[in-house]
Amino acid sequence: MRLNLSSRTIAILLALLVACVLTTFAWIGPTLSFREACLGAGITVAACFLLVYLSFEALIFREVNQIYAGLEHVKRKEFRKLSNKFLFRPEPLKRMRDEILDMAQRKQQEIDELKRLQALRREFLADVSHELKTPIFAAQGFVHTILDDDDIDEVTRKKFLQKAAGSLDALDALVQDLVTIAQLEKGVVRMRRQRFDLAQLIRDIFEQLELRAGQRQVQLQLLPAGTPAGVWVLADRNRIRQVLINLIDNAIKYGRASGLVTVTLHETAKSVRVEVRDDGAGIAEEHQHRIFERFYRIDKSRSRDSGGSGLGLAISKHIVEAHKSTIKIRSEIGRGTALEFKLAKPRQLPEAAES
């Protein structure tokens, strides 16, 4: 049977044992009375307790510190602080054990996080390689076909060159997106904030995406109905335009055919909340926290042409965060998806808007 005794209990037992022995001899001896023997016993218990307890704890901490001194990966500064902090407090060994277990748990969490980041890094490199390889191989194939076939007619040659140019343009756009997101993550891209009419910007985007929406017979609508020009915000107009194009284009692409895509502006005294909603199949909960990752696709079988490069939402997320806001998602299977973010209002409206 194992006795679970603390260091204080052991010290008390040893002190009492020593005190009993000394008191017995003193009481038996002729020179001390019973009262003097009891007083001596009390002094002996106190002295033995302090000597045994402090020496016991000091020896333990010295040995433990020597062990941990050779482990460079352990937080030795924290351990020294721990040793000095708990040396003369109740149950120092138990406290030190709890602290070491806590340190080990934090280390394990750091290791798990590093493993997760490493897995994401491998996944990202594989996705980048695939996305870069696709347009390169396509352009390479068209060019080599022209070079290897001397009898190719002029019409076919021009057609192949146009396809090769299209592949290279797609490659250039992908590289530009990668450069953009790298700069946004580093914080080197400064937002040029200016006052502009958000409602008018959305109408301009609707006109730009009208052909794409028409191909799927999707109706684009700005709410509240009849929203007048003059919903002013303070933001980088070109960057917010990029965000809205990405969100609306995704809503058209993944919404229901012959459906409805709405952009709703919710005004408050200090901000405007923008909500882009589609009526598509929706996004499962396990995918919702990952759709803003680079190259992440819910449907892995989608081609690049139908599913995009997967950088649009990642870039949009960083642009919105650079405006001191966040993109939020609300989605249910079979009930569509809504993405929203806030933009600050300017303190003063342009003179034309005020009048």
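Looking up the protein in an unreviewed UniProt entry gives the name histidine kinase, with the organism given as Hymenobacter guriensis.

Peer 1: Hey, could you go over the overall build of the protein for me, with residue numbers and the actual values?
Peer 2: Helix and strand content of the protein: 12 helices and seven strands. In the protein, which comprises 355 residues, the proportion classed as buried is 34%. In the protein, the share of contacts with a sequence separation of at least 24, taken over all contacts with a separation of at least 6, comes to 72%. About 22,800 Å² of surface is accessible on the protein, with carbon and sulfur atoms providing 56% of the total.

Peer 1: Please give an account of the side chain of Thr337 that cites residues and values.
Peer 2: Among the structural elements, Thr337 can be located in strand 7 (residues 337-344). Overall, the relative accessible area of 9% leaves Thr337 in the buried class. For Thr337, the contacting residues outside a window of four places in its chain are Val276, Arg277, Asp278, Gly282, Ile283, Ile329, Arg330 and Ser331.

Peer 1: Any chance you could break down the pattern of salt bridges for me, citing the residues and the numbers?
Peer 2: Applying the stated rule across the entire model yields 13 salt bridges. With its nearest N and O atoms 2.9 Å apart, the salt bridge here joins Lys345 to Glu267. Taken as a pair, Lys345 in the loop between strand 7 and helix 12 (351-354) and Glu267 in strand 4 (residues 260-267) lie far apart in primary sequence, 78 residues in all. Here the salt bridges do not stand alone but share partners, grouping Arg273, Glu275, Arg277, Arg330 and Glu340 into one network.

Peer 1: Account for unusual backbone geometry, naming residues and giving values.
Peer 2: Cis geometry is found at the peptide bond from Leu223 to Pro224, where omega equals -5 degrees. Even without glycine at this site, Ser258 takes up a positive phi of about 60 degrees. Relative to the helices and strands, Ser258 resides in the loop between helix 8 (237-254) and strand 4. Judged by relative accessible area, Ser258 falls into the partly exposed class, the value being 44%.

What counts and what doesn't
- Residues numbered from 1 in each chain as written.
- Predicted model: local features only at pLDDT ≥ 70, side-chain atom pairs only at ≥ 80, totals over all residues.
- Heavy atoms only, no water.
- Helix = DSSP H or I, 4+ residues; strand = E, 2+ residues; numbered from the N terminus.
- Buried < 20%, exposed > 50% of the residue type's maximum accessible area, 1.4 Å probe, protein only.
- Contact = heavy atoms within 4.5 Å.
- Areas by Shrake-Rupley, 256 points an atom, 1.4 Å probe, with all protein chains shown as cover.
- Salt bridge = Lys/Arg side-chain N within 4 Å of Asp/Glu carboxyl O.

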